[in-house]
Amino acid sequence: PPREYGLGIRTETRLVVLTEAERRLYVAAESALQEIKERMSSGSLDYRDPTAALAAWQECRAVTSGKRAFEGKAAKDRELIDLLPELTSYSGKAVVYTPYRQTVDRLQRVLSREFPGWTFPKITGALSLSERRENFSSFSTDQGAKVLLVTDAAAEGVDGLQNSAHQIVFF
């Protein structure tokens with residue numbers, strides 16, 4: 001449930017239920033990770049070669065980040081799509097934060113298809129400072145730009161970012 005912190009500050013954590021295909025992939029990757037852990041602890045796998053463990057961990061991350069969706073949209077994407085109209089109805093603007101630039105790029109494509117009347121400017125570390133400022137300006141002034149997609153490396157040098165929206169989603 002939402003937690004109130006006073007001054008209108010509220011947090012809410014949502015549990016996203018994976019699709020059946022996502023769940024199968026995650027369980028398989030998690031099982032592979034457990035098997036690798038057991039082999040390392042028994043000495044039958046050299047712990048100095050983390051390749052297999054890293055591959056299994058990356059697969060777990062890919063499933064939970066939404067990269068491995070085979071039944072339409074990823075569960076996290078669907079949750080965000082359902083949430084955005086509500087969030088933007090409060091203040092008109094929302095920021096979606098993710099630490100990964102690839103996720104920002106993917107979300108920009110997915111959300112643009114889902115909300116054709118909206119624009120989705122992004123601020124990532126791959127953009128120049130002037131491009132970041134231009135995208136932020138577009139978000140601030142364009143009525144169709146209801147959502148700003150941001151990565152952690154991107155916020156540097158963009159004045160006013162913390163005051164640009166009343167809603168933020170940590171994706």
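Residues numbered from 1 in each chain as written. Predicted model: local features only at pLDDT ≥ 70, side-chain atom pairs only at ≥ 80, totals over all residues. Heavy atoms only, no water.

**Observations concerning the side chain of K93**
We count it as follows: Numbering goes from the N terminus for both helices and strands, where a helix is a DSSP run of H or I of at least four residues and a strand is a run of E of at least two. Whether a residue is buried, partly exposed or exposed follows from its accessible area with a 1.4 Å probe, protein chains only, as a fraction of its type maximum: under 20%, in between, or over 50%, in that order. Within this scheme the basic residues Lys and Arg register as positive and the acidic residues Asp and Glu register as negative, but His and the chain ends are omitted. For this document, the term salt bridge refers to a Lys or Arg side-chain nitrogen within 4 Å of an Asp or Glu carboxyl oxygen. Identification of polar contacts relies on pairs of N or O atoms within 3.5 Å, with a donor-acceptor requirement for protein atoms, meaning one able to donate a hydrogen and the other able to accept it, and with residues adjacent in sequence counted only if both atoms are side-chain atoms. By definition, residues are in contact when any of their heavy atoms lie within 4.5 Å.
Tracing the sequence through the fold places K93 in the loop between α3 (75-91) and β3 (94-97). Buried within the structure, K93 lacks any salt-bridge partner; D142 is the closest side chain of opposite charge, at an N-O distance of 6.3 Å. There is a polar contact of 2.8 Å between the side chain of K93 and the backbone oxygen of D142. In terms of polar contacts, K93 uses its side chain to reach the backbone carbonyl oxygen of A145, at 2.6 Å. Sequence-distant contacts of K93, defined by excluding residues within four places in its chain, comprise T88, F139, S140, D142, A145, K146, S164, A165, H166 and Q167.

**Here we look at the pattern of salt bridges**
According to the stated counting rule, one finds five salt bridges in the structure shown. Between R106 and D77 there is a salt bridge, with the nearest N and O atoms lying 2.5 Å from each other. One end of the pair, R106, is in helix α4 (residues 101-114); the other, D77, is in helix α3, and 29 residues separate them in sequence. A single burial state applies to R106 and to D77, both of which are buried. By sharing partners, the salt bridges in this structure join E20, R23 and R24 into a single network.

**So, the packing of aromatic side chains**
Defined as follows: Note on ring pairs: Phe, Tyr and Trp rings are taken, using the six-membered ring of Trp, and paired if centres are within 6.5 Å. Classes follow the plane angle, with under 30 degrees stacked, over 60 edge-to-face and the rest tilted. Criterion for a charge above a ring: Lys NZ or Arg CZ within 6 Å of the ring centre, and within 35 degrees of the ring normal.
Under the defined criterion, the tally for this structure stands at four aromatic pairs. Note on W118 and F120: the rings are 6.0 Å apart at their centroids and 40° apart in plane angle, and the pair reads as tilted. F120 shares its class with W118; the two are buried. An aromatic cluster is present here, built from F115, W118 and F120 joined pairwise through their rings. We note K76 situated over the ring of F171; from NZ or CZ to the ring centre the distance is 4.5 Å. Between K93 and the ring centre of F139, over which it is positioned, the NZ or CZ distance is 5.0 Å.

**A word on helix α5 (residues 129-141)**
Since there are 3.6 residues in each turn of an α-helix, residues three or four apart along the chain are aligned in direction. Our working definition: Helices are assigned an expected span. That span is 1.5 Å times one less than the residue count. Read the arc as the range of directions from the helix axis to the C-beta atoms.
The terminal C-alpha atoms of α5, which comprises 13 residues, lie 18 Å apart, in line with the 18 Å expected from a rise of 1.5 Å per residue. For α5, every residue scored as buried is listed here: R132, F136 and F139. One side of α5 holds all its buried residues, which, seen down the axis, span an arc of 55°. The exposed residues of α5 that point more than 90 degrees off its buried face are S130, E134 and T141. In this structure, the buried side of α5 is in contact with β3, β4 (122-123) and β5 (147-150).

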